[in-house]
Amino acid sequence: MHPFYDQLSFVIGHRGACGHAPENTLASFRLAKQLGAKWIETDVCISADGVPYIFHDDRLERCTNGKGLIARTHSSELDKLDAGLWYGEAFRGEAIPRLDTFLPALQQLGLNLNLEIKSPLGLEAQTTEAIAPIIRRLWNPQTPLILSSFTPHALISARKLLPEYPRGLNLDCIPSDWQARMAECGAESIHFYDPFAEQNSITAVKNAGYKVLCFTINNPQRAAELKNMGVDAVFTDVPDALLKQNP
Ligand code: G3P
Ligand code: MG
């Protein structure tokens, strides 16, 4: 098991603290830190010209004043968009962070990172190739960083380009062939969707020596249940609510 997993905390701020601030903005990461989070999760994808940005959706409409696919929009356009106003006037002017702005900012905050690689199918290698040199250049290799993705190809590419960082496989449900799927991309953790939580599969993954993480948990009572089931960490939009019981 990679030593970064020893430093995992039970509560991971999902897209920063996106229950209280516009997701995946620097304001959201700063707030996660203020609320006491030690780890945050965020999403990275590439623009039309191959620049990595911190952004969750395929499309720009929900969380910015832009339109269309982020993977089909040039960085010169993305840099002009507002990623805070949709959430509230107080956040007007928040940018979609570029990965090369985000990484130094996060380290200045002293936060550990789960970076989820988001990629349209077919762009997995290109996405990982774009992020790898930026991580190499700007991330302190002593600071915990777990790479994860729903797309195995992104993790297979990460194993080649960033072998020193551990990988987590994102899935909705822990499938019966979980072991083969983890082996395919050299994953050391499974990150699954809470409605599919099931004791037998969690126990099986844990007994094999891997970590089990669960998204997205905003209810402290549910977090406690998952902890009792053996879940190692949960992603939450409201780190303050869960940190009361899991400091
Ligand atoms: O990485 C955990 C979780 O963020 C996966 O789902 O859609 O919120 O990126 P999503
Ligand atoms: Mg995510």
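Here is what the cut-offs are and how they apply
- Residues numbered from 1 in each chain as written.
- Chains lettered and ligands numbered in written order.
- Predicted model: local features only at pLDDT ≥ 70, side-chain atom pairs only at ≥ 80, totals over all residues.
- Heavy atoms only, no water.
- Helix = DSSP H or I, 4+ residues; strand = E, 2+ residues; numbered from the N terminus.
- Buried < 20%, exposed > 50% of the residue type's maximum accessible area, 1.4 Å probe, protein only.
- Pairing = 2+ DSSP bridges.
- Right-handed = clockwise from strand over helix to strand, strands pointing away.

(A) Local environment of unusual backbone geometry. In this structure, T216 follows F215 across a cis peptide bond, with omega equal to -15 degrees. Structurally, T216 is set in the loop between β8 (211–215) and α8 (220–229). One non-glycine residue, R15, adopts positive backbone phi at about 55 degrees. In this structure, R15 sits in the loop between β1 (11–14) and α1 (26–34). Of note in this structure, N24 is not a glycine but carries a positive phi near 60 degrees. For N24, the location among the structural elements is in the loop between β1 and α1.

(B) Structural detail: the pairing of β8. Taking burial as the measure, the five residues of β8 include four buried ones, the bulk of the element. Here five bridges tie strand β7 (residues 189–193) to β8, and the two strands are oriented parallel to one another. Each residue of the ladder has a partner; that of Y193, found in β8, is F215. Taken together, β7, helix α7 (residues 199–207) and β8 form a β-α-β motif whose crossover is right-handed. The pairing of β8 with strand β9 (residues 233–236) spans two bridges and is parallel. Paired with L213 across the bridge in β9 is A233. Note on the crossover from β8 through α8 to β9: the handedness is right-handed.

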